[in-house]
Amino acid sequence: MSLLEKIRVTQTFLENKGIEKPEFGLILGSGLGELADEIQDAIVIDYADIPNWGQSTVVGHVGKLVYGTLSGRKVLALQGRFHFYEGNPLEVVTFPVRIMKALGCEGVIVTNAAGGISFGPGTLMAITDHINMTGQNPLIGKNLDDFGPRFPDMSKAYTPAYREIAHKVADKLGIKLEEGVYLGVTGPTYETPAEIRAFKSLGADAVGMSTVPEVIVAAHSDLKVLGISCISNFAAGLQEELNHEEVVEVTERIKGDFKGLLKAILSKL
Ligand code: HPA
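What counts, and at which threshold
By convention here, each chain's residues receive numbers from 1 onward along its written sequence. It should be noted that, the model being predicted, local features are given only for residues of pLDDT at least 70 and side-chain atom pairs only at 80 or more, the latter also being counted only at that level, while totals for whole chains, interfaces and linings use all residues. Only hydrogens and water are set aside; all other atoms, that is, all heavy atoms of the structure, feed into the side-chain values. Strands here are runs of E lasting at least two residues and helices are runs of H or I lasting at least four, both read from the DSSP assignment and numbered beginning at the N terminus. Throughout this description, buried means an accessible area under 20% of the type-specific maximum (1.4 Å probe, protein chains only), exposed means over 50%, and partly exposed covers the range between. The criterion used for residue contact is that any of the two residues' heavy atoms lie within 4.5 Å. For this analysis, a polar contact is any N or O atom pair within 3.5 Å, provided that within protein one partner can donate a hydrogen and the other can accept it, and provided that sequence-adjacent residues contribute only side-chain to side-chain pairs. For our purposes a nonpolar core is just a set of buried Ala, Val, Leu, Ile, Met, Phe, Trp, Tyr and Cys residues, chained together by side-chain atoms within 4.5 Å. In this scheme Phe, Tyr and Trp rings, the latter by its six-membered ring, pair at centre separations within 6.5 Å, and the angle between planes marks the pair as stacked below 30 degrees, edge-to-face above 60, and tilted otherwise. Criterion for a charge above a ring: Arg CZ or Lys NZ at most 6 Å from the ring centre, at most 35 degrees from the ring normal. For each residue, the test is whether any non-hydrogen atom lies within 4 Å of the molecule or strand; if one does, the residue is near. Each accessible area is a Shrake-Rupley estimate made with a 1.4 Å probe; only the visible protein chains count as cover when residues are assessed. Three residue categories are used. Nonpolar comprises Ala, Val, Leu, Ile, Met, Phe, Trp, Tyr, Cys and Pro, charged comprises Asp, Glu, Lys and Arg, and polar comprises the others, including Gly. Expected span, for any helix, means 1.5 Å times one less than how many residues it has. The directions from the helix axis to the C-beta atoms are what the arc is built from. At least two bridges found by DSSP between two strands is the condition for calling them paired.

Right, let's talk about the environment of T134 for a bit. When you line up the elements, T134 lands in the loop between β6 (124-132) and α3 (160-173). Residue T134 is classed as buried on the basis of its relative accessible area of 17%. Once the C-alpha coordinates of T134 and Q11 are considered, the two residues, 123 residues apart in sequence, prove to be 29 Å apart. Here T134 is in contact with G184, V185 and T186, once residues within four sequence places are set aside. A distance of 2.7 Å separates a polar atom in the side chain of T134 from a polar atom in the side chain of N132. Here the side chain of T134 touches Q136 through a polar contact of 3.0 Å, landing on its backbone nitrogen.

What follows is about the nonpolar core. Note on soluble globular proteins: their nonpolar side chains tend to be buried together. Within the largest apolar cluster, 44 residues are counted, with the highest numbers of intra-cluster contacts made by L14, I19, W53 and L65. Breaking this core down by element, the ones donating at least two residues are α1 (3-16), β3 (64-70), β4 (73-79), α2 (90-103), β5 (107-116), β6, α5 (212-220) and β9 (224-234). With eight residues, the top contributor of residues to this core is α2. Contact partners of L65, with chain neighbours within four places excluded, come to L14, I19, I43, V44, I45, Y47, I50, W53, L76, A77 and L78. Counting 31 residues, the second largest nonpolar core, distinct from the first, contains F24, A170, L177 and F258.

Looking now at the packing of aromatic side chains. Summed over all chains, the structure comprises four aromatic pairs. Pairing Y47 with W53 gives two aromatic rings, centres 5.9 Å apart and planes at 55°, and the pair type is tilted. By relative accessible area, which is 8% here, W53 ends up buried. For the ring pair Y47 and F82, a centre distance of 5.3 Å and an interplane angle of 50° mean the geometry is tilted. Of this pair, Y47 sits in the loop between β2 (40-46) and β3 while F82 sits in the loop between β4 and α2, and the two are 35 residues apart along the sequence. The ring of F147 is capped by R98, whose NZ or CZ atom sits 5.1 Å from the centre of that ring.

Before going further, it helps to spend a moment on the site of the ligand. Close to the ligand lie A113, A114, G115, Y190, E191, V207, G208, M209, S232, N233, L242 and V247, which account for all nearby residues. A distance of 3.4 Å separates a nitrogen atom of the ligand from a polar atom in the backbone of A113. Between the ligand and the protein, one listed contact pairs a nitrogen atom with a side-chain N or O atom of N233 at 2.7 Å. Protein coverage of the free-state accessible area of the ligand, which is 260 Å², stands at 95%. Among the secondary structure elements, those contributing two or more residues to the shell around the ligand are β5, β8 (206-208) and β9. In terms of residues, the shell around the ligand owes the most to one element, β5, which gives three residues. Looking at side-chain class alone, the shell around the ligand contains seven nonpolar, four polar and one charged residues.

To continue, consider α3. Compared with the 20 Å implied by 1.5 Å per residue over 14 residues, the 20 Å span of α3 between its first and last C-alpha is a close match. Taken as a whole, α3 has its buried residues at Y162, R163, A166, V169 and A170. The buried residues of α3 occupy an angular sector of 125° when the element is viewed end-on, so they sit on one face. Seen from the buried face of α3, the exposed residues on the opposite side, beyond 90 degrees, are K168, D171 and K172. Buried residues along α3 sit in contact with β1 (24-28), β5, β6, β7 (177-184), β9 and α6 (244-268). One or two steps after α3, the chain reaches G174, where phi turns positive at roughly 70°.

Sheet faces and side chains relate simply in a regular strand, where the side chains alternate between the two faces. Most of β9 is tucked away: nine of the eleven residues are buried. The pairing of β5 with β9 spans ten bridges and is classified as parallel. By the bridge assignment, A113 is partnered in β9 with C230. Bridge count between β6 and β9: three bridges; the pairing is antiparallel. Looking at the pairing, A126 lines up with I228 of β9.

Before going further, it helps to examine unusual backbone geometry. With an omega of 5°, the peptide bond between G187 and P188 qualifies as cis. Inspection of the secondary structure puts P188 in the loop between β7 and α4 (193-202). Within the chain, K21 stands out as a residue other than glycine whose phi angle is a positive 45°. Looking at the secondary structure, you find K21 in the loop between α1 and β1. On the basis of relative accessibility, which here comes to 64%, the residue K21 falls in the exposed class.

Put into structure tokens, the structure is as follows:
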């Protein structure tokens, strides 16, 4: 089956489950998945039941698609995203974004945990732009002309108007929201200190193992994007050592603010 055929099969499957016209897609990274538990009048579907869908393998990432109302908006949330380092082809990693577009979403909110180059643990950072250091691109292969052009513009992949709203809402709530450039790698290793020095000189403010493929596919089909990173640690060389436990601990500590911010933003988008 071609990618376009797979998209249509899955779209029809989800429409038949009662998922119609979501306004926003939510791609919830480490620690934030439980925001989807707050969705009202929810239709919840296990990833395992959805045709052409990937399976998530990381602890802390539940595998459920949740549709319903959050902050008065119709949302389609991924509770558990797919990473390239899990062995998923990028077509699988980004398939949910294709589906969000196909079902009629106007925009997507993408969150992640990231290592801080310019900012320390506990910082929330609105993503202004990214640097793709994965050596991959999810759009390689036959172009889906129904979705977008062969050579998509990435000049405003992270929608400035959405970011402006995010800052206004954060100010109102008294939550500090920084902004910066996210540099995407494949992982699963954390970076070396030399890599982080190099990335800093390239203009990166934070580094992480997700988001870039999804945002490329969103930009391809003109989906608007708000990206927010939760800085969970100083990047390699800027602190003594790195471990996943710290990432989980810091995202747990921040998630109250993070969820509150996202819900308030959603009502204003
Ligand atoms: N590097 C890459 N990905 C990450 C990091 C990091 O330091 N922290 C959380 N995700």
